[in-house]
Each structure stands twice: as C-alpha cells, then as structure tokens.
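# Residue-level structural notes
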Amino acid sequence: MRAVDRILADILRVNHAGECGAIRIYTGQRYLARWRSPDLLTFLDQALLDERGHKDEFAALMKQRGIRPCGALALWGVGGWLLGLATAGLGRSAILVCTEAVERTVHAHLQAQLAWLADRDPEVSEAIAAIQVEELAHLEGARERRGSRGGKVLDAFVSKATELLIWMSTYGASSRMARRIGR
C-alpha cells in the first residue's frame, strides 16, 4: 500500500473510531444527566444524533475504499463510555469541559486532515469539512453553556487522552501527517 493510501486509510479509521467513542461518551453522559443535569439533555441528544451521522458517513467512505475499521475500536468504545459516565457523575460543568476538550482536540486534527487531503481525495475532504461544522457547533455549545468555570485539570486530561488515542489508532500517522503538512 502506498504511503498516501495508508494515511488516507488511517484518517478514515481514526475518524470512524473517534465517532464511535464520541457516541459512547454522549451515551454515558446522557445516562446520568437525566438526574444530574437534565438541562443538558437536548444538547447531548443533538450531539449524539450528529455523531451517529458522522460515524455512518465515515463507515460508508471506508466501505467504498475497502478499508477495515480501526483495531482499537473497542478501546474507543469502552473508554468513551467510562469517560461519559465519569464526567456526568462529576456534574454539569464536567460534562461541558469534557465536550469542549474532545471537540477542540478533534477540530485540530480535522484541520490537519483537511490540509493534508487538499487535492488528494475531494470526496473525503468535503465530508470532513461538513462534519467539522457540526463538531464546532458542539464545541461552541459546550463553551456557551459552561461559561468561565474552571476544569483545567479535567480539560488537560481529556485532551491528552484523546490525542493519545488518535496517535495510537493511527500508529503514529497523525504525527507523520502533521510533519508532511509542515514542510
């Protein structure tokens, strides 16, 4: 497999896995938010609906190109579920800090992917650009609802854990892609 094809496969795999993880985060958060933060249910429901659509979009793009799902898919699912439950258990602010940290990290990776994809695969590039709009809405929604409350330690933990999962799931391709963009 050519290096370009390998990176494209890694992009689709990690994006699909990330959406599976996001679905589990929002599902876990929603489970406890019914009692702890019912005012967030509409926001969580919309985000969950969006993430399911994103997962389906990436799954279709992978199928068209004969790309198998990420080998760490179970880790994304279990990790997402646990993170969702833990942050919902900590309360409203933690749910929003988690959403903000995940979406901010995802946004940065999507930006790098779009720069790398530029003229390599217009269909994937268009799909990622459209998905990024909805991911940014989740980020902004979390920021607006959270206000200026703290959460720096949780934010750092969630963003670093997300980065690590992305790096592991792409076998370091996310770093290689960023280096190529930088040239």
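In short, a report on the structure. (Residues numbered from 1 in each chain as written. Predicted model: local features only at pLDDT ≥ 70, side-chain atom pairs only at ≥ 80, totals over all residues. Heavy atoms only, no water.)

### Quick notes on the overall build of the protein chain
What the protein chain contains, in helices and strands, is seven helices and zero strands. Order of helices (α) and strands (β) in the protein chain, N terminus to C terminus: α-α-α-α-α-α-α. A separation threshold of at least 6 residues defines the contact pool for the protein chain, and within that pool the share at least 24 residues apart is 85%. Only carbon and sulfur atoms are counted for the fraction: they give 59% of the accessible area of the protein chain, which is about 9100 Å². (Helix = DSSP H or I, 4+ residues; strand = E, 2+ residues; numbered from the N terminus. Contact = heavy atoms within 4.5 Å. Areas by Shrake-Rupley, 256 points an atom, 1.4 Å probe, with all protein chains shown as cover.)

### So, the nonpolar core
Judged by nonpolar contacts, the single largest core of 17 residues is most densely connected at L12, L117, V124 and I128. Among the elements of the structure, helix 1 (3-36), helix 2 (41-65), helix 4 (92-117) and helix 5 (122-146) are those that each provide at least two residues to this core. Counting residues per element, this core draws most heavily on helix 1, which supplies five residues. If we skip the residues at most four places from it in the chain, I128 touches I11, N15, F58, L110, Q113, L114 and L117. In terms of nonpolar packing, the next biggest core, distinct from the first, is built from 13 residues, F43, L44, L48 and A142 among them. (Core = buried A, V, L, I, M, F, W, Y, C linked by side-chain atoms within 4.5 Å. Buried < 20%, exposed > 50% of the residue type's maximum accessible area, 1.4 Å probe, protein only.)

### Here we look at the packing of aromatic side chains
In this structure the tally under the stated criterion is two aromatic pairs. Look at Y31 and W35: their rings are 5.9 Å apart centre to centre, the planes differ by 85°, and that puts the pair in the edge-to-face class. Note that Y31 and W35 are positioned in helix 1 at a spacing of four residues, about one turn of the helix. Residue classification places W35 among the exposed residues on the basis of a relative accessible area of 59%. When its relative accessible area of 43% is taken as the criterion, Y31 is described as partly exposed. By the ring-pair criterion, three or more aromatic residues cluster together here, those being Y31, W35 and W81. (Phe/Tyr/Trp six-rings, centres within 6.5 Å; stacked < 30°, edge-to-face > 60°.)

### Notes on the layout of surface pockets
Its boundaries defined by the atoms lining it, the largest pocket holds a volume of some 480 Å³. Contributing elements (two or more residues each) for the lining of the largest pocket: helix 1, helix 2, helix 3 (73-90), helix 4 and helix 6 (152-169). With eight residues, helix 6 is the single largest residue contributor to the lining of the largest pocket. Class assignment for the residues of the lining of the largest pocket results in 17 nonpolar, eight polar and four charged. (1 Å grid on protein atoms, 1.4 Å probe; cavity = no way out; pocket = protein on both sides within 12 Å on 5 of 7 lines; lining within 4 Å. Points joined across faces, edges and corners; volume = space filled by probe spheres on them. Nonpolar A, V, L, I, M, F, W, Y, C, P; charged D, E, K, R; others polar.)

### Observations regarding the packing of helix 4 against helix 5
For the pair helix 4 and helix 5, interaxial distance at closest approach is 8 Å and the crossing angle is 155°. Regarding the angle of helix 4 to helix 5, the classification is roughly antiparallel. Read as a crossing pair, helix 4 and helix 5 show a hand that is left-handed. (Axes fitted to C-alpha atoms, helices over the stretch in contact; angles between N-to-C directions. Parallel < 35°, antiparallel > 145°, perpendicular 65-115°, else oblique. Left-handed = near helix turned anticlockwise from the far one by under 90°.)

### Thoughts on the side chain of E103
Among the structural elements, E103 can be located in helix 4. At 3.1 Å, the side chain of E103 forms a polar contact with the side chain of Y26. With residues near it in sequence (within four places) discarded, E103 still touches Y26, E51, E135, H138 and L139. (Polar contact = N/O pair within 3.5 Å; in protein donor to acceptor, adjacent residues only side chain to side chain.)

### Structural notes on the environment of A17
When you line up the elements, A17 lands in helix 1. Under the relative-accessibility criterion, A17 is labelled buried at 0%. As a C-alpha pair, A17 and S169 span 152 residues in sequence and 8.3 Å in three-dimensional space. Not counting residues within four places of it along the chain, the set of residues in contact with A17 comprises C70, L73 and W76.

### Considering empty space enclosed by the protein
Applying the stated rule across the entire model yields two cavities of 30 Å³ or more. Around the second largest cavity, the lining residues are A22, I25, Y26, C98, T99, V102 and E103. For the lining of the second largest cavity, the secondary structure elements donating two or more residues are helix 1 and helix 4. Ranked by the residues each element gives to the lining of the second largest cavity, the list is headed by helix 4, at four residues. Per-class residue counts for the lining of the second largest cavity are five nonpolar, one polar and one charged.

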